[in-house]
Amino acid sequence: MKLRSLITLILLSSTAFAQSKAIDWKAIDAETLRHFTTLIKTDTSNPPGHETLVAKYLQGVLEREGIPTKLVGANPDRLSLIARLKGNGTKKPILIMGHTDVVGVQRERWAQDPFGAARIDGYIWGRGTIDDKDLVVGALMTILQLKRSGVQLDRDVIYVAEAGEEGGSPDGTFGIQYIIKNNWPDIDAEYCLTEGGEFRSVGGKVMFEKIEVTEKVGRGMRLVAHGTAGHGSMPREDNAIVHLSAAVAAIGKWQPPMHFTDVTRTYVEGLAKVSPPEEAARLNALFDSSKTAAAQDYFRKNNIEMNSILRTSVSPNIINGGFRSNVIPSEATATLDIRAIPDEDMDKFKAMMTQVINDPAVTIESNGNFGGAGMAPVSSLQTEMYQALTKAQQKIYPGIAVLPWMATGATDMRGLRLKGMQSYGIGAEIPQEDLITHAMHSDNERIKESGLYAFVHYFYEAVSQVAAK
Ligand SMILES: [Zn+2]
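The text that follows walks through the structure, step by step, so that each part is easy to find.

Cut-offs applied
- Residues numbered from 1 in each chain as written.
- Predicted model: local features only at pLDDT ≥ 70, side-chain atom pairs only at ≥ 80, totals over all residues.
- Heavy atoms only, no water.
- Helix = DSSP H or I, 4+ residues; strand = E, 2+ residues; numbered from the N terminus.
- Rg over C-alpha atoms; globule rule 2.2 N^0.38 Å.
- Buried < 20%, exposed > 50% of the residue type's maximum accessible area, 1.4 Å probe, protein only.
- Areas by Shrake-Rupley, 256 points an atom, 1.4 Å probe, with all protein chains shown as cover.
- Lys, Arg positive; Asp, Glu negative; His and termini not counted.
- Charge placed at Lys NZ, Arg CZ, Asp CG, Glu CD.
- Donors = N, O, S within 2.8 Å, 3.2 Å for Na, K, Ca; no water.
- Salt bridge = Lys/Arg side-chain N within 4 Å of Asp/Glu carboxyl O.
- Axes fitted to C-alpha atoms, helices over the stretch in contact; angles between N-to-C directions.
- Parallel < 35°, antiparallel > 145°, perpendicular 65-115°, else oblique.
- Left-handed = near helix turned anticlockwise from the far one by under 90°.
- Contact = heavy atoms within 4.5 Å.
- Nonpolar A, V, L, I, M, F, W, Y, C, P; charged D, E, K, R; others polar.
- Expected span 1.5 Å × (residues − 1).

Examining the overall build of the chain
Then, number 1: Secondary structure assignment for the chain yields 15 helices and 22 strands.
Then, number 2: A compact globule built from 469 residues should have a C-alpha radius of gyration of about 23 Å, and the chain, at 25 Å, falls within 12% of that.
Then, number 3: Projected onto the principal axes, the alpha-carbon positions of the chain cover approximately 105 × 55 × 45 Å.
Then, number 4: Looking at the chain as a whole, 53% of its 469 residues qualify as buried.
Then, number 5: Of the roughly 20,900 Å² that the chain leaves accessible, carbon and sulfur atoms contribute 54%.
Then, number 6: Taken as two groups, the 50 positive and 55 negative side-chain charges of the chain have centres that lie 5 Å from each other.

Considering the coordination of the zinc ion
Six octahedral donors around a metal ideally subtend angles of 90 or 180 degrees, whereas four tetrahedral donors ideally subtend 109.5 degrees.
Then, number 1: Every protein donor of the zinc ion is listed here as H99 (NE2), D131 (OD) and E195 (OE), and their distances to the metal cover 1.8 to 2.1 Å.
Then, number 2: Written as a sequence motif, the donor residues of the zinc ion are H-x31-D-x63-E. With H99 in strand β4 (residues 94-99) and E195 in the loop between β9 (191-194) and β10 (198-202), this residue pair connects regions lying 96 residues apart in the sequence.
Then, number 3: In this structure H99 comes out as buried when scored by relative accessible area, which is 0%.

Looking at the pattern of salt bridges
Then, number 1: For the coordinates displayed, the defined rule picks out 28 salt bridges.
Then, number 2: With a closest N to O distance of 3.7 Å, R417 and E215 form a salt bridge. Placement of R417 in helix α14 (residues 413-418) and of E215 in strand β11 (residues 205-215) is noted, with a sequence separation of 202 residues between them.
Then, number 3: Look at E215 and you get buried, because its relative accessible area is 5%.
Then, number 4: Residues joined in a network through salt bridges with shared partners are K91, R155, E190 and E384.

Description of the packing of helix α13 (residues 384-396) against helix α15 (residues 449-467)
Between two packed helices, the angle of one axis relative to the other and the distance separating the axes together describe the packing.
Then, number 1: With their axes 8 Å apart at the nearest point, α13 and α15 run at an angle of 140° to one another. The angle between α13 and α15 falls in the class oblique. In the crossing of α13 with α15, the sense of the turn from one axis to the other is right-handed. Residues E384, M385, A388, L389, K391, A392, Q393, K395 and I396 of α13 lie in contact with α15, whose contacting residues are A454, H457, Y458, E461, A462, Q465 and V466.
Then, number 2: Taken together, the residues of the contact of α13 with α15 sort by class into nine nonpolar, three polar and four charged.

Things to note about helix α2 (residues 25-41)
Then, number 1: In a regular helix each residue adds 1.5 Å, so 17 residues correspond to 24 Å; α2 covers 24 Å between its end C-alpha atoms and thus fits that length.
Then, number 2: Taken as a whole, α2 has its buried residues at I28, D29, E31, T32, L33, H35, F36, T37, L39 and I40.
Then, number 3: Residues of α2 that are buried in the fold lie against α3 (52-64), β6 (119-120), β7 (123-125), α4 (133-149), β22 (446-448) and α15.

Focus on the packing of α2 against α3
Then, number 1: The contact between α2 and α3 brings their axes to 10 Å, and the two run at 160°. Taken together, the axes of α2 and α3 lie roughly antiparallel to each other. The interaxial crossing formed by α2 with α3 has right-handed handedness. For the pair α2 and α3, contact is made by H35, T38 and L39 and by V54, Y57, L58 and V61, respectively.
Then, number 2: Partitioning the contact of α2 with α3 into residue classes produces five nonpolar, two polar and no charged.

Right, dumping it as structure tokens:
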């Protein structure tokens, strides 16, 4: 090789190296929008799901860039995608994950096409924009960018776009339970990042980040009222429907006792520090025995999420009884959605319910998962990954607080935490003003476009910090 061409080669490769360091975020944002729009326009309402459409699209994108993938699942219409970017194996992998299905829509209640991805006044509208195609695209852009940058990795980065998160897989042929059972070596990792957290903004300013480190546990139960069957023309005092109604009313009005854990205490205390004075006073009042009753009552009426964070919650959601207008039924049932604080003593809780109902004609029965669901460990706030999330956040939104968070609902992190994976729920900016009118699962779900791009930057920052050599 001539000296001149050798110098040219060195110059070229050093330029390429320099370019690999500086990420063109404008270009990344445009690409994010392109993939995100495609994902939103692909209707993966579950049921039926059809998540394979998204899995194949992502497979095309990844394979074109030389990232190996596989599609997994026993239901060809509901496949999940697993991709892996290899590191040198010094440390255990990181799993980054989003779910590709969305909940269904009532189209007539939407102001925009729920599968149109319309961009209006800085927002992108559509089902799945904040649950959970923001995570699907955030994780996609992260793995793509890691590959393109050519940065040396200490660990593999695994990307999973999973089917069937909304409602799980009753027959076990798809979704996270299928993957854990059949493809565990493909996803086994030290850390997982997926949905469950958010950046909360008020009036356009991001105030704090919630990182989900634990979640409530579903402990559903049924109330069963027993009576004597008879002719509807002769009313009976032991009519099962009458007894059930009284029991449901009593349970519905009951406020289970407040119960803090380390995570929820840290969250409430931290939230008080970043809240306006009036709200801060109410949050602090929860810890003050002379003021707590009034504060709890306020949250029950005005902030149902906070109310649920403070206690094991009970919501009667299905009621059944009777089959003919002229027959008194011998049995009536109510299904209770109970979301327990992870360390709640459910035998004691059930005893409290029995006292509240105070009717021997009504029994409380397990709804399948009572006592047997198993408590997933809380993910640690001391890990390299949690620190990296905090650092990345300071780069994107300097000066805001990070609050560990217990979700009131459930995510697919539960199964991963049970397997020992340190799992953190993150998410894009959610404006306070959007909480009710544009929330996840609601009509008119939407995402703030600038928040989506910031989230992709944040995601990449956190993962590259922990994965890169
Ligand atoms: Zn979700």
